[in-house]
Amino acid sequence: MVTQLRTDLPYVGLRPFDVHEAGSFFGRDAEARSLSAAWLRSRLVIAHGPAGAGKTSLLQAGVLPDLAGADADVLPVGRITGPGPTAASLDGLEPMVGPGNPFTRALLRCWSHDDESSSLLEALRERAERRRPRGASRPVLLAIDQFEEFLTPRLPRLAPLRSQFVEALALATTALPNLRILLVLRSDHRTALLPYRRTLLAAGVDQANHESAVPVTEVAVAPLSPECAVTALVEPLRAAGIRFAPGAAAACVDDLTTSRTVDATGAESLLVAETVQPVFLQLVATALWRSRPVADAPVTASWLGPVGNVTAVLEDYLTRTLVTTAHEHDLDEDELRAWLTRTFVTERGRRGVVDEGLTMTAGMPTTVLDALTERYVLRCEHLSGSRRFELFDDRLLEPLQRTSNPWTGGSGPVAEIGADDYLRAAQVSFADGDLATACAHAEEALRRDPAPSLTRAGTQALRAQLFQAEGRLDQAEACHREAAEIYESLSDTEASGRVLAALGRLLLDAGQVGRAVEELQAAGERLPGDADVQSDLAHALWRAGQPWAAAAIFSAVLTIAPDAVSALAGRAQLRVDLADNTGAIEDFDRLARASSAGGSSAAAASAGFATSSSVAASSITAGVAELRAARALALARLGRVTEASGESTTALRDAPDSGPVLWRVAEVIRTAGDEHGADDLLLRSLGASAPALAPDQRAQVSRLLRRSGALT
């Protein structure tokens, strides 16, 4: 049930925070304000830090929300990688300025700029012209994240194109005095940035002499201090109404900063760090959340198990990572673990350093080291045109030494890889979007654990999601049913209910509404207090033509949990369908207050409303737009035309190919008397695909079109 866990987690895990998750981003308020202020006042800001320090999260969930109220034009964050080293098109490529520059095109795509043949300056001027009524002197804030991707050496032929891109950026700096540039990159690439930095500063020096703008500011982004780490651990749960027991959070953070190592003689020593790696904090936080015995119990460090619990979490992550990496590169996972320990742990029990080879590094293909670097097991530093690898952090020494002896010259005692390990590796691959690897790991987990067990049930629940992602709904249903049966046989009623709820959502998405109602009713019997499951049942009943039964369930949920966003969003839209427009507006207003009070955004509301078991960023956007469109219809019926028009315009802008949005907005237009325009939108809704109309919604739209004569 990885997807269920992902949507319920108050922590983001190993991926960076995005701008919609600012309400869950804690511990870096001061850094966000400092970087925001530097960006507003400086021609060029260079924010740098080590890999994994949280630079992208700070930008997306800290700086951008902090600037939401600033009088500035903030461009979408850009990333520019350009063509890869195997691009065949580079044979005979001649340097070209503007439209022909691949880095410029990559940046324009990040801005959703319509004409990728535009030069950088043309694109910025066009945007400035559109924004001019809001103030010609507003700063224009341009950020490029992970700028080391641009600086990483590739084919020699790309060097002129990189220079041309920076010259185009410098030209824009000269022509647009209000342009403020923020480059976010890893610290070890600052040397490679120096020649480009000189170009950018030379372009802006004249303007800087006549303005209050600072030419350049450097901002170092470090891992979390222990105090900030405690805040980042505690506050997301506090926002969800769950508290830590006294001292529990500090104990976890202390454990994260303390590494217990053993040297070749068997002597033990302690290494105490001054900072906490955000990725490791997220691993521990996620493990705490998933191991909670009861939903509203205070969090204690004992939830993770006996002494050394943080080490156990990191050891578990290492196992999953090594299993995945070994599978990708056709290696034996035990041998990979032994090599990693032998190569990167010295006889003194400290981190060892290895220089990159041409194709092999320390006897292993360098691509393997790259994969371990991407997964925060190793880190690399660029020095003098080459790279140097070491363990990502001292805190990995202990879990490595617990599972492998680096001084025997062999693999040493290695923990056996079991079905649980393969299941966890499959879950990681699934979360990363690597469905093929996830499927292979899941199959291996089943092979190693053929008997009914919690591991097999979890594996089948995961396979159901894999099959669903591939559109193989029959196989997905079969896996869901086996998982539910195993959980039932093991008396795990809660897990059985969640699997049945996932099956109900699958059937509902497939248009099998009657069967979906049956499965969701069974899930509701097992999880009578789960607001999301009850809300899903209400949605199914609504689509099955039982709106009053659905309304009763929504109301019952809201009696117990007045701020349940899924129930509020569902009942609000249902009331629009029932023409209870005043009641619908009341629910929409309550929904906005509940989202704000919970530290979440409209994205959280749409996630609660979504009936699908997975909520991608595009689905969240479409869900928010659907809520806006429904609210617009209620406002239009109440005569609040101006508000309805604004909501409709925003909904169509955000989700122009959403069937439900087009349908609702069509009815708003019809309320204003535009029958022809309404029919046009209804016809468009029948062909929309992001998302498409549900079968019952298509039937309603078809009836409306036949009634108006637009569909015969």
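Residues numbered from 1 in each chain as written. Predicted model: local features only at pLDDT ≥ 70, side-chain atom pairs only at ≥ 80, totals over all residues. Heavy atoms only, no water.

**Q** I'm lost on the overall build of the chain in this one. Help?
**A** Tallying secondary structure elements over the chain gives 31 helices and twelve strands in all. Within the chain, contacts between residues separated by at least 24 positions form 68% of all contacts whose residues are at least 6 apart in sequence. (Helix = DSSP H or I, 4+ residues; strand = E, 2+ residues; numbered from the N terminus. Contact = heavy atoms within 4.5 Å.)

**Q** Mind showing me how you'd approach the nonpolar core here?
**A** One broad trend across soluble globular proteins is that nonpolar side chains are buried collectively. With 58 residues, the main nonpolar core has Val-576 and Phe-588 as its most contacted residues. Those residues in contact with Phe-588, other than ones at most four positions away along the chain, are Ala-572, Gln-573, Val-576, Leu-627, Ala-630 and Arg-631. Membership of the second largest hydrophobic core comes to 52 residues, among which are Ala-248, Val-299, Leu-340 and Leu-378. (Core = buried A, V, L, I, M, F, W, Y, C linked by side-chain atoms within 4.5 Å. Buried < 20%, exposed > 50% of the residue type's maximum accessible area, 1.4 Å probe, protein only.)

**Q** Looking at this structure, I do not really get the confidence of the model for the chain. What am I missing?
**A** Caution applies to low-pLDDT parts of the model: their predicted coordinates are not meant to be read in detail. On average, residues of the chain carry a pLDDT of 83, and 84% of them reach 70 or more. When the criterion is pLDDT under 50, residues 408-415 qualifies, and its contacts beyond four places in sequence or with other chains add up to 18 contacts. Overall, residues 598-617 carries pLDDT values under 50, and its contacts beyond four positions in sequence, including any with other chains, amount to 45 contacts. (pLDDT = per-residue confidence, 0-100.)

**Q** Would you mind going over the side chain of Arg-28 with me for this structure?
**A** Note on placement: Arg-28 falls in the loop between helix 1 (2-8) and helix 2 (29-41). Owing to a relative accessible area of 3%, Arg-28 belongs among the buried residues under this scheme. If we ignore the near neighbours within four places in the chain, the residues touching Arg-28 are Ala-53, Gly-54, Leu-58, Val-221, Ala-222, Pro-223, Leu-224 and Pro-278.

**Q** How should the pairing of strand 4 (residues 179-186) be read in this particular structure?
**A** One face of the sheet, then the other: side chains in a regular strand alternate in exactly this way. Taking burial as the measure, the eight residues of strand 4 include eight buried ones, the bulk of the element. Of the two faces of strand 4, the one holding Leu-179, Ile-181, Leu-183 and Leu-185 and the one holding Arg-180, Leu-182, Val-184 and Arg-186 are both buried throughout. The pairing of strand 3 (residues 140-144) with strand 4 spans five bridges and is parallel. By the bridge assignment for strand 4, Leu-141 is matched with Arg-180. (Pairing = 2+ DSSP bridges.)

**Q** For this particular structure, what's the right way to read the pairing of strand 1 (residues 42-49)?
**A** Most of strand 1 is tucked away, with eight of its eight residues classed as buried. Summarising the sheet, strand 1 and strand 5 (residues 214-220) pair through six bridges and their orientation is parallel. In the sheet register, Leu-44 faces strand 5, and the bridge partner there is Val-216. Both strand 1 and strand 4 contribute to a ladder of six bridges, which runs parallel. Within the sheet, the bridge partner assigned to Leu-44 lies in strand 4 and is Ile-181.

**Q** Looking at this structure, how should I read unusual backbone geometry?
**A** Most peptide bonds take the trans configuration, and most residues that are not glycine carry a negative phi. A cis amide bond links Ala-690 to the next residue, Pro-691, at an omega of 0 degrees. Its place among the elements puts Pro-691 in the loop between helix 30 (675-687) and helix 31 (695-708). Phi at Ser-491 takes a positive value of approximately 60 degrees, unusual for a residue other than glycine. With respect to the helices and strands, Ser-491 occurs in the loop between helix 19 (473-489) and helix 20 (493-509).

**Q** Sorry if this is basic, but what is going on with the sheet that holds strand 8 (residues 354-355) here?
**A** To summarise the sheet geometry, strands pair through backbone hydrogen bonds and adopt either a parallel or an antiparallel arrangement. In spatial order, the strands read 8-12-11; together these three strands make up an open sheet with antiparallel pairing. Where the open sheet ends on each side, the last strands, each with one partner, are strand 8 and strand 11 (378-383). As paired strands, strand 8 and strand 12 (residues 386-391) are joined by two bridges and run antiparallel to one another. Paired with Asp-355 across the strands is Arg-388, a residue of strand 12. The sheet strands contacting helix 13 (residues 333-344) are strand 8, strand 11 and strand 12, and the helix crosses strand 12 at an angle near 105 degrees. (Axes fitted to C-alpha atoms, helices over the stretch in contact; angles between N-to-C directions.)

**Q** Quick question: what am I supposed to make of the packing of helix 20 against helix 22 (residues 531-543) here?
**A** When two helices pack together, their arrangement is given by the angle between the helix axes and by the axis-to-axis distance. Two elements in contact, helix 20 and helix 22, have axes whose closest approach is 11 Å; the angle formed by their N-to-C orientations is 30 degrees. As far as their axial angle goes, helix 22 and helix 20 are roughly parallel. In terms of crossing hand, the pair formed by helix 20 and helix 22 is left-handed. Residues Ala-501, Arg-505 and Leu-508 of helix 20 lie in contact with helix 22, whose contacting residues are Val-533, Asp-536, Ala-540 and Arg-543. Residues that form the contact of helix 20 with helix 22 fall into these classes: four nonpolar, no polar and three charged. (Parallel < 35°, antiparallel > 145°, perpendicular 65-115°, else oblique. Left-handed = near helix turned anticlockwise from the far one by under 90°. Nonpolar A, V, L, I, M, F, W, Y, C, P; charged D, E, K, R; others polar.)

**Q** What is the right way to read helix 3 (residues 55-66) from this model?
**A** With ten of twelve residues buried, helix 3 is to be regarded as a mostly interior element. For helix 3, the elements touching its buried residues are helix 2, strand 1, strand 2 (73-74), strand 3 and strand 4.

**Q** Just checking my understanding: could you explain the packing of aromatic side chains for this structure?
**A** Where two aromatic rings form a pair, the distance of their centres and the angle of their planes describe that pair. Applying the stated criterion across every chain yields a total of nine aromatic pairs. Both rings, one in Phe-17 and one in Phe-25, keep their centres 4.9 Å apart while their planes meet at 70 degrees; by these two values the pair is edge-to-face. Given a relative accessible area of 9%, Phe-25 falls into the buried group. Here the aromatic cluster, defined as three or more aromatic residues joined through ring pairs, consists of Phe-103, Phe-147, Phe-150, Phe-165 and Tyr-196. In this structure, Arg-379 packs its charged tip against the face of Phe-392, placed 4.6 Å from the ring centre. The aromatic ring of Trp-663 is capped on one face by Arg-664, whose charged end is 4.8 Å from the ring centroid. (Phe/Tyr/Trp six-rings, centres within 6.5 Å; stacked < 30°, edge-to-face > 60°. Lys NZ or Arg CZ within 6 Å of the ring centre and 35° of its normal.)

**Q** I keep staring at the pattern of salt bridges and nothing clicks. Help me out?
**A** Should the charged atoms of two oppositely charged side chains come close, the side chains can pair. All told, the structure shown has 44 salt bridges when counted by the stated rule. With a shortest N-O distance of 2.4 Å, Arg-15 and Glu-21 are connected by a salt bridge. Since its relative accessible area comes to 17%, Glu-21 is described here as buried. Where Asp-589 meets Arg-631, a salt bridge forms, and the shortest distance between an N and an O atom there is 3.7 Å. With a gap of 42 residues between them, Asp-589 in helix 25 (residues 581-597) and Arg-631 in helix 27 (residues 617-637) connect regions that are remote in the sequence. Given a relative accessible area of 17%, Arg-631 falls into the buried group. Bridged by salt links that share partners, the residues Asp-255, Arg-260, Arg-395 and Glu-398 form one connected network. (Salt bridge = Lys/Arg side-chain N within 4 Å of Asp/Glu carboxyl O.)

**Q** In this structure, what is going on with the environment of Ala-495? I would like to understand it.
**A** In this fold, Ala-495 is placed in helix 20. Under the relative-accessibility criterion, Ala-495 is labelled buried at 8%. Placed 28 residues apart in sequence, Ala-495 and Ala-523 show a C-alpha to C-alpha distance of 9.6 Å.

**Q** When you look at the sheet that holds strand 1 in this model, what are you seeing that I'm missing?
**A** Strand order in the open sheet formed by five strands is 2-3-4-1-5, with parallel pairing between adjacent strands. A strand with exactly one partner marks an edge of an open sheet, and here the two such strands are strand 2 and strand 5. Where strand 2 lies against strand 3, two bridges are found, and the strand directions are parallel. Bridging across to strand 3, Asp-73 finds its partner in Val-140. The sheet strands contacting helix 7 (residues 158-175) are strand 1, strand 3 and strand 4, and the helix crosses strand 4 at an angle near 145 degrees.

**Q** Looking at this structure, I do not really get the packing of helix 12 (residues 309-328) against helix 16 (residues 419-431). What am I missing?
**A** Two elements in contact, helix 12 and helix 16, have axes whose closest approach is 8 Å; the angle formed by their N-to-C orientations is 75 degrees. The pairing of helix 12 with helix 16 is recorded here as roughly perpendicular in orientation. Here Asp-316, Thr-319, Arg-320, Val-323 and Thr-324 of helix 12 lie close against helix 16, whose contacting residues are Asp-421, Tyr-422, Arg-424, Ala-425, Val-428 and Ser-429. Split by residue class, the contact of helix 12 with helix 16 holds four nonpolar, three polar and four charged.

**Q** What exactly am I supposed to notice about the environment of Leu-683 here?
**A** Within the element layout of this structure, Leu-683 appears in helix 30. For Leu-683, a relative accessible area of 38% corresponds to the partly exposed category. Between the C-alpha atom of Leu-683 and that of Ala-710, which follows or precedes it by 27 residues, the distance is 8.4 Å.

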